[in-house]
Structure formats: C-alpha cells, structure tokens
Amino acid sequence: MFVKSLGSVLAALLLVFLPSSTVSAQARIVGGDTIPIASAPYLLQIWKGDKFICGASLIKDNIALTSAGCVSGVKATDIEVVGGADTLSDAGVRSKVLKISRHSSYTEKTPKMDVAVMLLETPLEGDDIATIPLNDVPLKAGQIMQVSGYGQKSEFASKPTGEIRTIFVPILTRANCANYYKSVLNPLPGTMFCASKPGLQDHCVGDRGGPAVSNGKLCGIVSRAVGCARVGFPGLYVGTFAVTSFINEAIANLEA
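Residues numbered from 1 in each chain as written. Predicted model: local features only at pLDDT ≥ 70, side-chain atom pairs only at ≥ 80, totals over all residues. Heavy atoms only, no water.

A. Spatial organisation of the nonpolar core. Formed by 41 residues in total, the largest nonpolar core has its most connected members in Ile 59, Leu 65, Val 115, Val 117, Tyr 150, Leu 236 and Ile 247. Those elements that place two or more of their residues in this core are β2 (43–48), β3 (51–60), β4 (63–66), β7 (116–120), β10 (192–195), β12 (217–224), β13 (235–239) and α4 (244–255). At 5 residues, the largest contribution of residues to this core is made by α4. The residues contacting Ile 247, other than those within four sequence positions of it, are Ile 59, Leu 65, Val 115, Val 117, Leu 134 and Thr 240. By size, the runner-up hydrophobic cluster in this structure holds 20 residues, among which are Leu 58, Ala 64, Ile 79 and Met 118. (Core = buried A, V, L, I, M, F, W, Y, C linked by side-chain atoms within 4.5 Å. Buried < 20%, exposed > 50% of the residue type's maximum accessible area, 1.4 Å probe, protein only. Helix = DSSP H or I, 4+ residues; strand = E, 2+ residues; numbered from the N terminus. Contact = heavy atoms within 4.5 Å.)

B. Summary view of the sheet that holds β13. Taken together, 7 strands build an open sheet; the order of strands is β1-β9-β8-β11-β12-β13-β10 and the sheet is antiparallel. One side of each edge strand has no neighbouring strand; the edge strands of this open sheet are β1 (33–35) and β10. Pairs of neighbouring strands in the sheet enclose a mean axial angle of 40 degrees, with direction left out of account. For strand β8 (residues 144–150) and strand β9 (residues 164–170), the ladder comprises 7 bridges, and the chain directions are antiparallel. Across the sheet, Met 145 pairs through a bridge with Val 169, a residue of β9. (Pairing = 2+ DSSP bridges. Axes fitted to C-alpha atoms, helices over the stretch in contact; angles between N-to-C directions.)

C. Here's a closer look at the sheet that holds strand β6 (residues 93–102). If you walk around this closed barrel you meet the 6 strands as β2-β3-β4-β7-β6-β5, and the pairing is antiparallel. The sheet shows a mean angle of 40 degrees between the axes of neighbouring strands, direction not considered. α4 rests against β3, β4, β6 and β7 of the sheet, and its axis sits at about 30 degrees to β7.

Here it is in structure tokens:
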C-alpha cells in the first residue's frame, strides 16, 4: 500500500513539467527517424533568448499554435519563433511574437485547455515553411499520428541532438488512456487523448507544443507525459478539434 501510494505521488510530481524556460535532459522525441524540415514544414521552434523552450505549429503565416504551458508566465515580447530550420543551430526564418492568447482556465494541474495562440510580428515565409490546416473531424482510436520535434532520443540523454525526429503512433482508446492516468489526472479531460507505442516511441518534455498530424491536418498539440516513452504513461495531447472554438476566437481577437 505504501509503495503504491508513493508511486502515485511521484508520478503526479513528474506529470507537472519543468518550467518552460528549461530544456530538460529528457526533452525529446523517443524512437522514430530523423527527417528534414521539408517533411514537416509547419513545425516551429520557440526560443526565449538563447534557450529553445518548445515546439509549435504554423496554422497561418502570422499565427502559431502551441501549448499553454510553453508560454505560461512568459511575455510575448521575450520570445520568438523559428521556421524552416532542419536543426536547432540553423538560422531558419525568425519572427518575434507580438501577442499571446491563453485560455483563462489553464493551469498545470487543470490542463484541459493546454493551448495557446501566438500572433507573429512578421509572417513566416520561405523555403520549407508551410501552414497546416486544423483537423475538423473527431479522432478515432487506432488513428495514426505523426509527431515531430527536435532533440534527444532517450529520457536520460545528456543533451539534445538538435535534429528533427518523427514518430508514427496510434491513438489509444479513451478508456485505456484514462486508466493509465487515473492516479495523476482523474478524470481525464475531454479535450485530451493519448497516443504512443508504449516503451518504444513517444514524445517528451521539450517536444511540448509541437504537432500531432494525421491526414495532412493538425490533430493534436503535444501536452505532457510522465518521463519518456514509459510503458505506463503514454504521451498526452490536446485535440485541436476539441478546442477549435477557442482557437478561432483567439485568432480573431489577436488580429483585430
């Protein structure tokens, strides 16, 4: 009984990610293959000063979508995004962020609306940069998601590789997802879903905010997990279809 309770407490602590300004040693796609940015031209990097903090997706030439946790407590003017970059060291095409819209209900402990919309100072255009449309249909268990992000290949790697890695992982049934997280996130928010090949392929902390894509549409935003590719804790995502109203309202307000 004591061991089980202690495990639940530790899992709960791990579920709340490190501050978004920190690049964790466990912060990357696990498994999968290295790809060029041309294969995921909607994938963006978010930087605060000289620190890479998260991924994002370009949904309009001047609008980027990411996780609320990535930009919580961060001033828009303190960050910039980079597109069209194969690695974290490539210059790519940069733009400062003018404004950020986050849902007022979001906290790390209540992640239902782990989504943020960013208005860019300069539209992102150039080679290997493209927007991606939002998913407009409900997701199904077994549907394959392509998840891409920069960095380390394993939970305990000492530093990020800086390259883009991509994985193809299935959506788990809602019942299985809820069961995995019952000790740390109960009930499972209706906006969230699990996708993973447990123990083999999954996202990790620094991939937060990045894209989960299926059928050429942005279906999910990387949100959180416990560790990297752990068998008992598959990666969690916020489904874009479930938060479409917020995204559209935020874009309208930001561009007004």
